[in-house]
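Overview (structure and organization)
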Amino acid sequence: MTTPFLSVRDLKVHFPTPDGIVKATDGLSFTLEKGKTIGIVGESGSGKSVSSSAILGLHRHTNAIVSGEILLDGVDLLKISDEDMRRKRGADVAMIFQDPLSAMHPYYTVGSQIAEAYRVHHDVSRKKAKARAVEMLDRVGIPQPDHRVDDYPHQFSGGMRQRAMIAMALINNPSLLIADEPTTALDVTVQAQILDLLQDLQRDFDAAVIMITHDLGVIAEMADDVLVMYAGRAVEYGAGKEILTHPEMPYTWGLLSSVPDVAGDTSAKLIPIPGNPPSLLTPPPGCAFNPRCTHKDKVPGDLCTTVLPDLVPGVRSETHLKRCHLANPDAIYEQEILPEILPELVEER
Amino acid sequence: MRRAIIGIILLLALSLLTFVLFFSSGVDVTRFACGKNCTPEKRATTEKALGYDKPTVVQWTDFLQGVVVGRDYPDDPELQRESPEIVTHCPAPCFGFSQVNAKTVNSLIAEAAPVSISLAMVAVFLWVLFGVLFGLIAAVRKGTWIDRGIVGATLVVYAFPTFFIGIFLLKYVAIKWQLLPFPQYVTIADGGVGEWFVNLLLPATTLALFYLAGYVRITRAFVLESLSEDYIRTATAKGLAPRKVLFKHALRAALTPLVTMIGLDLASLLGGAIITETVFSYHGLGALALRANVSYDLPVLIGLLLLAGAFVILANIVVDVLYAYIDPRVRLD
Amino acid sequence: MSNFWPGDAGMPSEEPVGEDATDEVTEFQEPEMGHAASVADWGAKPILDVRDLKMYFPVKSSGVIRRTIGHVQAVDGVSFQVPAGGSLGLVGESGCGKSTTGRLVTRLYEPTGGSIEFDGRDITTISARSLKPLRREIQMIFQDPYTSLNPRHSVGSIIGAPLAIHQVVPKDKILPRVQELLEIVGLNPEHYNRYPHEFSGGQRQRIGIARALTLQPKLLVADEPVSALDVSIQAQVINLLQDLQREFGIAFLFIAHDLAVVRHFCPEVAVMYLGKIVEIADRETLYNRPNHPYTQALLSAVPNVKQAAIGGRRERIQLEGDVPSPINPPSGCRFRTRCSLAQEICARVEPPLLQIGKRHKVACHFAGELGHHPDRPITASLLGVDDTGTPDPGASPATDLGNEPGYSDTWFDLERKTMAKA
């Protein structure tokens, strides 16, 4: 077996606070190949953004305690020097952020900010870097790029700003692209444009993409693999289609059944996940999801509230991992969950 | 343009207000101008010469007339006929004639202004340079003893009165240790830039120390704020060196509040200058204002007030213009 | 539950809130029924009737005299009805005017034109004084639960403030009422003395809802009530709103950009683009058989996990470019600059919001289901123009194409190209 392009192993990001240690990410592992996309789903505070920032080394020189291993092309990003990490940022690993307005400096032109990203890693003149920025703006579909390159971020629309951010991220041809909620701040039609653009560019650049989002719909369209995070840990991980069609973890079920749908049966019910996300300072004992789980009575004894389940292969395949004590999740899903969220599918069968 | 018009209206109101307040203070202002051996005759002459016998509003309009077309002093035609040798013509814009100094206000200000402007320039240079520098260091080393040391030290300095610092510097740096010459104002024409600067260093430091603490805090706060902005994360994610992130991205964003502060502080500098100039016996605008105040010299007071007012308004306009230059979002499309 | 509101609207409660009321509240916290999409009662008479509503914000020049150099046509001729106890959804992308419409209905702005009739009263231009009782009957829920609550006030005083201001109940009855409201929205009534920062986002939105409920409104304008919340919390809040609607018969003007949420909540939905309603219909029609190319593009753009889970993704209709400026909107049809169907007529003549079904209106010259758009403008003969939009001297334009709220008994049948009747 060859080593994967990106391999994250037992990544922990802990923040010491006066009240105790906040375990924002607590033992995250996944792998990713070039040209593939992994979707990391989770709600605010699930640790999805913290983990990706750690890959970029953004927690260096903060009070965060980062441990584990992040192997990018065989190099452990947690062990290399600050200067080596700096050389990788923007060149090998690039990032797109959620809100393109606040992610761009309001006082500099869009073009100069894109060109800056190029000049950091290439010893070229300002003029050449600007020409390259125009080229990238054109590539991401900004009309009249040679004029718009001198505009300031506030003169761009939301969608164009995100395009410009993508241009900035891809200008050095990175092999790993981290997209942190890239479309959350955008309107649906613009979101569709940006998602298509990202897929398009990924094909051209053969980059590995980490797509962080709370929107399962975006994941369904973009991701090859899906990793569901809850309270700093992976609770379900596997091939995207598999996870979305045969989820085995009650939290994933909850995510699927609490989101309304634009198509299908209008009699489908909206079943919220009760309660609130747990505190990362004092997570509940046992499975972190147990206080909100409506299926824990199906597990014998008090396993759910005392023992943290391991991330182990589920009932359907070796590569579909889940963190849950339930013995027969597939049956529960087929019989209890599916009829609620996709009644028309059940009827067809 | 609109702001300039508003500014002029404000200045008019300010001058009228000064006239009204001056005469409603209850103090016998003529007695002050009259001098030591004041006889009733001399007093009457003085009152006439100063025009204090006229209604306040008339005095004000006379003053405005002087600003626009110039005036002759003394104003009273009778007095002019009596002693033509003392008549002084004050060309427009005439801000009045100081009986106490026997000079026009314009010439008094013209004598004192270079001293104060020099002092202000060096002081601003010092406090902006060190304020931003220390503020930046404190922000980058946030939470360490360096940060706490800088903030603490500037606060301690801030807590000391200006006259104390002035006398302290004078006594130790200039007299006891003789690190710097005893400061006396030297124009650039007389002694060159070096001499000018060295002589200004002590009074300017005294003045600057008062403002330094504010600049350290503002710089620290705004750099910290901008360091937590998303675009700083973007800059880091691009692979920019930390130094470049700090200076090119974080400090640039903190520039807007700094420029505002500099503009407003420059305008209010006269107050601080009074003490400093007194301590170092510099004959600047501050000292002039102090003398005018104790001798109830209305013309000089009016002149200085208008000058200060005009300066505040001008500083605000300049700050607004600078805003547009610094922040492209403010620029008009 | 019908006598839940103490006394008649506006009257101070004669009796303290009884035990039984609280019991009932507890009961409805865990309703027997699931949270299926709400059902419409088409027969209900409208509580809100909005006619040709316009809101133009002036754009000022710089300089000494600030002249008005243009107008942002935020809302431009919008008509709709909200049935009593029912809900209408307003969807559209940012800048389409949906939030402005909501603020006009709550009279946070005074409209530039048109009329708003609430419960039979014209409230378009009523004075600030007469607005006060109105504010009790029309309440608003805001998007951001973090900034819409004053951090320095306890939850009890936030929720109780409207009671005190409007002197609805005696002072000593305010606290019990606040606790009751907290319970209704599913919060611990003992937490009335806590401050907003002690609550999570979803809980804060519940506080906002409790505040809106305090004065027993007849209409709630909900402006993006769940978009700032986490997905698992969104469903809780939507369900809460549905329960409240069912229990207290509150009508909703539900404004959101999330098409799925609106579909779930509202039996009737209006789609807005650049200040105009482009399509309005009952939920089934709008989502299953949209006739406006913008609605079609909007729906196709929504990523859909369940769809993807069953059989891959649908084909998206890509809209080119950005929404034009509302200061200088395109002539004729405002959507034409991004529309694949656009022809000459679209630039010349603005398409009327034409009723094409029992409860379906659409503003498009080439209205039709996806893939079945007509080749020739359906509106030409009605408007008295030829196919390119040039006025046709021989034609007699239909006179009843007015921008009326609600639906008529007759409509234009797209298949037969004539007027039809139910």
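A few points on the structure. In this text the structure is predicted, and so the values were computed from the model without any measurement.

Moving on, we come to the overall build of chain C. Helix and strand content of chain C: 13 helices and 14 strands. A buried classification covers 54% of the 422 residues belonging to chain C. Of the contacts made within chain C by residues no fewer than 6 positions apart, 66% connect residues no fewer than 24 positions apart. Carbon and sulfur atoms make up 49% of the accessible area of chain C, which totals about 18200 Å².

All right, on to the interface of chain A and chain C then. Each partner contributes residues to the interface: chain A has 48 residues there, and chain C has 47 residues. Where chain A touches chain C, the interface holds 0 salt bridges. The interface formed by chain A and chain C includes 11 residue pairs in polar contact (both at pLDDT 80 or more). By residue number, the principal contributor to the side of chain A that touches chain C is helix 7 (residues 188–205) of chain A, which donates 9 residues.

Take the sheet that holds strand 11 (residues 354–357) of chain C next. Residue and element names in this part refer to chain C. Spatially, 6-7-8-3-9-10-12-11 is the arrangement adopted by the 8 strands of the open sheet, whose pairing is mixed. Each end of this open sheet is capped by a strand with a single partner; those strands are strand 6 (138–141) and strand 11. Mean inter-strand twist for the sheet, computed between neighbouring axes without regard to direction, equals 20°. Note that strand 3 (residues 87–91) and strand 8 (residues 251–256) share 5 bridges and pair parallel. When the sheet's bridge partners are listed, Val91 is paired in strand 8 with Ala256. Those strands touched by helix 6 (residues 201–213) are strand 6 and strand 7 (219–223), and its axis lies near 175° from that of strand 6.

Let's shift gears to the pairing of strand 10 (residues 276–282) of chain C. Residue and element names in this part refer to chain C. Strand 10 sits mainly inside the fold: 7 of its 7 residues count as buried. In this structure, strand 9 (residues 268–273) lies alongside strand 10, joined through 6 bridges in antiparallel fashion. Counted as the bridge partner of Val269 is Ala281 from strand 10. Hairpin connection, strand 9 to strand 10: the antiparallel pair is bridged by 2 residues, and Leu274 has positive phi, about 50°. As paired strands, strand 10 and strand 12 (residues 360–362) are joined by 3 bridges and run antiparallel to one another. Directly across from Glu279, in strand 12, lies its bridge partner Val362.

What follows covers the packing of aromatic side chains. As enumerated under the stated definition, the model contains 24 aromatic pairs over all chains in all. The interplanar angle of 35° and the centroid separation of 6.0 Å between the aromatic rings of Phe130 of chain B and Phe134 of chain B together place this pair among those described as tilted. Highlighted residues: Phe130 of chain B and Phe134 of chain B, both in helix 6 (residues 105–140), separated by 4 residues, approximately one helical turn. Residue Phe134 of chain B is classed as partly exposed on the basis of its relative accessible area of 29%. With centroids separated by 6.3 Å and ring planes inclined at 25°, the aromatic side chains of Phe164 of chain B and Phe168 of chain B adopt a geometry described as stacked. Of the two residues, Phe164 of chain B and Phe168 of chain B both sit in helix 8 (residues 162–176), 4 residues apart, roughly one turn of that helix. The class of Phe164 of chain B is partly exposed, set by a relative accessible area of 38%. Judged by relative accessible area, Phe168 of chain B falls into the partly exposed class, the value being 40%. Taken together through their ring pairs, the aromatic side chains of Trp127, Tyr158, Phe210, Tyr211 and Tyr215 of chain B make up a single cluster. Sitting above the plane of the Tyr108 of chain A ring, Arg252 of chain B keeps its charged end 5.2 Å from the centroid. When the ring centre of Tyr287 of chain C is taken as origin, the NZ or CZ atom of Arg263 of chain C, which lies over that ring, is 5.6 Å away.

What counts and what doesn't
Throughout this description, residue numbers start from 1 for each chain and increase along the sequence as written. Each chain gets a letter, beginning with A, and each ligand a number, beginning with 1, in the order they are written. Local features are withheld for residues below a pLDDT of 70 in this predicted model, meaning they are given only at 70 or higher, and side-chain atom pairs are given and counted only at 80 or more; totals for whole chains, interfaces and linings count all residues. Excluding hydrogens and water, the side-chain values take into account all heavy atoms of the structure. Only DSSP runs of H or I with at least four residues qualify as helices, and only runs of E with at least two residues qualify as strands; both kinds are numbered from the N terminus onward. For every residue, the accessible area obtained with a 1.4 Å probe (protein chains only) is divided by the maximum for its type, and the residue is called buried under 20%, exposed over 50%, and partly exposed between those limits. Residue contacts are defined here by distance: any two heavy atoms, one from each residue, within 4.5 Å place the two residues in contact. Per-residue accessibility takes into account occlusion by the displayed protein chains alone, with areas from the Shrake-Rupley method and a 1.4 Å probe. Salt bridges are defined by distance alone: a side-chain nitrogen of Lys or Arg within 4 Å of a carboxyl oxygen of Asp or Glu. Polar contact is defined as a pair of N or O atoms within 3.5 Å, subject to the rule that within protein one atom must be able to donate a hydrogen and the other to accept it, and that residues adjacent in sequence are counted only when both atoms are side-chain atoms. Two strands make a pair as long as DSSP finds a minimum of two bridges between them. With axes taken as lines fitted to C-alpha atoms, and helix axes fitted only over the stretch in contact, angles between N-to-C directions fall between 0 and 180 degrees. Each aromatic pair joins two rings of Phe, Tyr and Trp (for Trp, the six-membered one) with centres within 6.5 Å, and gets the label stacked for planes under 30 degrees apart, edge-to-face for over 60, and tilted for any other angle. Note on geometry: a ring has a charge over it if NZ (lysine) or CZ (arginine) is within 6 Å of the ring centre and within 35 degrees of the ring normal.

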